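One-letter residues, chain by chain:
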Amino acid sequence: MPGSPQGRMWASISFSLGAAIVLGAAIVLALALTWARDYLETHWSLTILSPLGLGAWLSLALVFLLVVLLYFLKLRRQIVPVSSTLLWRKSIEDLRVNALFQWLRRNLLLFLQLLFLLALGYALAGLTTHREAQGRRFVFILDNSASMLASNEKPNRFEAARRRLHEAIGTLDRSDQAQILSFCDEARIVQSWTTQAELLHRAVDRIEPTHRPTRVGALMDLLAGMAQSAAGQQDQSGPPRDLLAVVFTDRNYPLPSSVPAGVRVAWEVVGSSSANVALVGASLRRSQESKRRLELVARVVHYGEQELPGAVAVLMESFRGGARVDRQIKTIHLLGRGTPSAGSRSPPGGTVPDPVVTFETDDPGSGWIRLQLLDARRGDRWQDDLAEDNVVWLGLAPVRRGRVLWIGDANDILQALLEAFQHDGRIRVEHIPTQGFEDSPSYRQAVQSEAWDIVIFDRVAPSTLEQMPQANTIFIGAAPPFHPGLWAKAPVVKDLVVREFLQSHPFFRHIETLQGLAIGEARALPKDLLPQRASALVETQEHPVIWAFGRNRFTDLVLTFPLVVPIAGQARPIWNTNWPRQPVGTLPLFFDNVLTQLGRYREVEQTTRTGVVRELDPDEPVETMTIRRLEPEPSAPQQLSRPPGFAWLFGPIDRIGLYEATWGNATHYYFGAALLDPEESDIAPYPDARTTGQEQEQRLLWRQRREWWPWVAVLALAILVLEWVVYVRRISV
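Cut-offs applied
Residues numbered from 1 in each chain as written. Predicted model: local features only at pLDDT ≥ 70, side-chain atom pairs only at ≥ 80, totals over all residues. Heavy atoms only, no water. Helix = DSSP H or I, 4+ residues; strand = E, 2+ residues; numbered from the N terminus. Buried < 20%, exposed > 50% of the residue type's maximum accessible area, 1.4 Å probe, protein only. Contact = heavy atoms within 4.5 Å. Areas by Shrake-Rupley, 256 points an atom, 1.4 Å probe, with all protein chains shown as cover. Pairing = 2+ DSSP bridges. Axes fitted to C-alpha atoms, helices over the stretch in contact; angles between N-to-C directions. Arc of directions from axis to C-beta. Parallel < 35°, antiparallel > 145°, perpendicular 65-115°, else oblique. Left-handed = near helix turned anticlockwise from the far one by under 90°. Nonpolar A, V, L, I, M, F, W, Y, C, P; charged D, E, K, R; others polar. Polar contact = N/O pair within 3.5 Å; in protein donor to acceptor, adjacent residues only side chain to side chain. Right-handed = clockwise from strand over helix to strand, strands pointing away. Expected span 1.5 Å × (residues − 1). Phe/Tyr/Trp six-rings, centres within 6.5 Å; stacked < 30°, edge-to-face > 60°. Lys NZ or Arg CZ within 6 Å of the ring centre and 35° of its normal. Core = buried A, V, L, I, M, F, W, Y, C linked by side-chain atoms within 4.5 Å.

(A) Representation of the overall build of the protein in the model. Helix and strand counts for the protein stand at 16 helices and 34 strands. Counting every position in the protein, which comprises 733 residues, the buried fraction comes to 47%. Residue pairs in contact within the protein that sit at least 24 positions apart in sequence constitute 70% of those at least 6 positions apart. Accessible area of the protein: about 37,400 Å², with a carbon and sulfur share of 56%.

And the structure:
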């Protein structure tokens, strides 16, 4: 009975139990959101991922208190005399509103509403548990190479991988440490070790895609160094912990044969398509028939399986001053890729019947050429999964002739060689007599600036190292003043015969033998007085006779023997070597190689691959240079400078395109940057010997989380429905 002592006892117990449950759940939620948060993560693997701020939680607590207070408000009754006892029963029941049993029986809605608010709070707290231990060290790596721009994932593989990386960061708890790396043909640290997820997310957003190729070896080298550093910093009292490296990539490259010690690697692969046609080669040369004509050779490959007969065309356009001066189109027949072998990819299909596509056009002078793949049927751009390898730019510049300053007296051998190369358009020569050469304006200019590419010292040398020119040098029968009196201290050796030479050196390109080369007299340079950067290029039976020395960024080539020697009583000197005749043709070929290399002779421009540093060779002294990209999207000008004595370097180049360099009197110099990498254009994931089980093990390197808040949200919804049912039944009575 409600009014019996036993009923009141059970009512008290029920009320106390309900109040304890509600109050305890509220206290636990408050502690979980504040002081106990770290304890729960460390000891219970429970993470609170609440998206709400302090203000929102205070508002929810205020609602909780208001609900309780509204139910405890007592009725304020006005005493009014009435002449009937009809309402006495109802009044007596109203007086029992605050009686314990009556309060519990009549106000079940209060408990349901409070439980709903608590369940809503737990759901908003984002309760998440992790199934593995805390305190791990992760290295999250995002591939930003060119193949990651393939569009088979929307909008591309790079953005898809970035999204998955953000999700992986969300699985970490506050005890985990992580770094963020990016890699293409080089690997770099974007964010150092931190436990703050916000810093990791920001670092991922800072990574930009590039048009550079992939070199997984660079990544392994960086991971090896990081593992060694981490091993030295770990607590020696506990077991060593491996770095857990998670690579978000399309993996269009073979996996490394080995992983650095102390590193476990997981490969999170995005993308699978191989539908790609690519320009993987483009070279320019002058026609053998006419120096005013250019021959362009392009190589196109197909990475899809289906043959493409007449579906693709190659468009060649040449430009001068921004205006197009030539346009040619050639339709090509592409084969499908071959049959793959075990553990490797099948070779791509090429063009038939010719393996290359050839164009011939007039040289427009200073300008550029653009090669582009077209859809032969529609006439517009070819559409495939990777657009970055469908276009190539080649700069066109006037022939760069080497600037040569010759210092010396009569020498018929050297004069004949220089006149022949000058007549052929390879060099420009200025001659200064030996007497008083250091005071001549041309030589002072050579010392003060890079006005010359090569300075030839024929049986003469500067007095000091400070008087050495800012240029490559060729010393014939003399040597640079590396040490006071170096040449005078060198003993004279006679009747020498060449025994061997460094055939792999660029100076001896296409030279098969020097057998039979004889020298009348030479000097034996003391090796203890030579600089460290010294290479002996030609050896005789006694001493080296041709040396190459490094000086800053310049090369000093030294022939320790003169080509000619004066004879008393004769007007003209005589030959000191038979090299002009024996071996036949090798002396002009040697000087041709030397003048080409040291004089930076350039007949045509070649496209630079992305990821490579481009060296620029102005044909005049330059203090500053401006670089900007013209196509496909113009870029802001970039000012380039360099310390004295260093080369003009631009890069590594991250983006494909046509670039323009300007210097001096508004000289316009064009060069192209393109992918031109057959491996990078093959965008299908590389097959390997991993089993499915091994792949699954790699994917589970980091902790997998279990989110409980959706279930709590369902519970809150169920309590709300129950509260509605109780309320409907109450008002229907």
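Right, picking up where we left off after that structure.
(B) Local environment of the sheet that holds strand S3 (residues 137-143). Across the sheet, which stays open at both edges, the five strands sit in the order S5-S4-S3-S6-S7 with mixed pairing between neighbours. Among the strands making up the open sheet, the edge pair consists of strand S5 (187-194) and strand S7 (263-269). Averaged over all pairs of adjacent strands, the angle between strand axes in this sheet comes to 20°, irrespective of strand direction. Sheet analysis places strand S4 (residues 177-183) next to S5, joined by five bridges and oriented antiparallel. Following the sheet pairing, Ser182 is matched in S5 by Arg188. Relative to S3, helix H7 (residues 157-170) is tilted by about 165°, and along the sheet it contacts S3, S4, strand S6 (243-249) and S7.

(C) Quick look at helix H8 (residues 197-206). Those residues of H8 that sit buried are Leu200, Ala203 and Val204. Down the axis of H8, the smallest arc covering the buried residues is 100°, so these residues share one side. Close packing links the buried residues of H8 with H7, S4 and S5.

(D) Local environment of the packing of helix H10 (residues 412-423) against helix H13 (residues 586-598). For the pair H10 and H13, the least separation of the axes is 11 Å and the interaxial angle reads 60°. Taken together, the axis directions place H10 and H13 in an arrangement best described as oblique. As H10 packs across H13, the resulting crossing turns out to be right-handed. Residues Ile413, Leu414, Leu417, Leu418 and Phe421 of H10 pack against Leu587, Pro588, Phe591, Asp592 and Leu595 of H13. Of the residues belonging to the contact of H10 with H13, the class tally is nine nonpolar, no polar and one charged.

(E) Focus on the side chain of Asp617. If you trace the backbone, Asp617 turns up in the loop between strand S28 (614-616) and strand S29 (625-631). Among the polar contacts made by the side chain of Asp617, one reaches the side chain of Arg600 at a distance of 3.3 Å. Setting aside residues up to four positions removed in sequence, Asp617 forms contacts with Arg400, Arg600 and Arg602.

(F) Region of interest: the sheet that holds strand S22 (residues 534-540). Read across the open sheet, the nine strands follow the order S17-S16-S18-S19-S24-S23-S22-S20-S21; overall the sheet is mixed. Each end of this open sheet is capped by a strand with a single partner; those strands are strand S17 (427-432) and strand S21 (518-523). When the angles between neighbouring strand axes are averaged without regard to direction, this sheet yields 30°. Across the sheet, H13 lies against strand S16 (402-407), S17, strand S18 (454-458), strand S19 (472-476), strand S23 (544-551) and strand S24 (554-559), angled at about 150° from S19, the strand it touches most.

(G) Layout of the pairing of S16. Of all six residues that make up S16, six are buried, and the element is covered over most of its length. Pairing geometry for S16 and S17, over six bridges, is parallel. Residue pairing for S17: Arg403 is matched across the bridge by Arg428. Each parallel crossover has a hand, and for S16 linked through H10 to S17 it is right-handed.

(H) Highlighting helix H6 (residues 108-124). The end-to-end C-alpha distance of H6, which contains 17 residues, comes to 25 Å, matching closely the 24 Å that a straight helix rising 1.5 Å per residue would cover. Along H6, the residues that are buried comprise Leu109, Leu110, Phe111, Leu112, Leu114, Leu117, Leu118, Ala119, Gly121, Tyr122 and Ala123.

(I) Seen up close, the packing of H7 against H8. Relative orientation of the contacting elements H7 and H8 amounts to 170°, with a least axis distance of 10 Å. Considering their axes alone, H7 and H8 lie roughly antiparallel with respect to each other. Touching Arg162, Leu165, His166 and Ile169 of H7 are Ala197, Leu200, His201, Val204, Asp205 and Arg206, all from H8. Tallied by class, residues from the contact of H7 with H8 come to five nonpolar, two polar and three charged.

(J) Region of the structure containing the packing of aromatic side chains. The tally for this structure, following the rule as stated, stands at 21 aromatic pairs. For the pair Phe501 and Phe508, a centre-to-centre distance of 5.2 Å together with 50° between the ring planes defines the contact as tilted. Comparing Phe501 with Phe508, the two get one shared label, buried. With centroids separated by 5.7 Å and ring planes inclined at 45°, the aromatic side chains of Trp663 and Tyr669 adopt a geometry described as tilted. Each member of the pair, Trp663 as well as Tyr669, is classed as buried. One cation-aromatic arrangement involves Arg426 over Tyr601; the distance from NZ or CZ to the ring centre is 4.3 Å.

(K) Molecular detail of the nonpolar core. Among the nonpolar cores identified, the biggest contains 41 residues, and Ile546 and Phe590 are the most heavily contacted of them. The element that contributes the greatest number of residues to this core is H13, accounting for six residues. Grouped together as the second largest cluster of nonpolar side chains are 27 residues, Leu284, Leu294, Ala311 and Val392 included.

(L) Structural detail: the environment of Glu679. On the secondary structure map, Glu679 appears in helix H14 (residues 678-681). The class of Glu679 is partly exposed, set by a relative accessible area of 47%. Sequence separation of Glu679 and Pro348 is 331 residues, and the distance between their C-alpha atoms is 10.0 Å. The residues touching Glu679, leaving out its near neighbours within four places in the chain, are Asn252 and Arg345.

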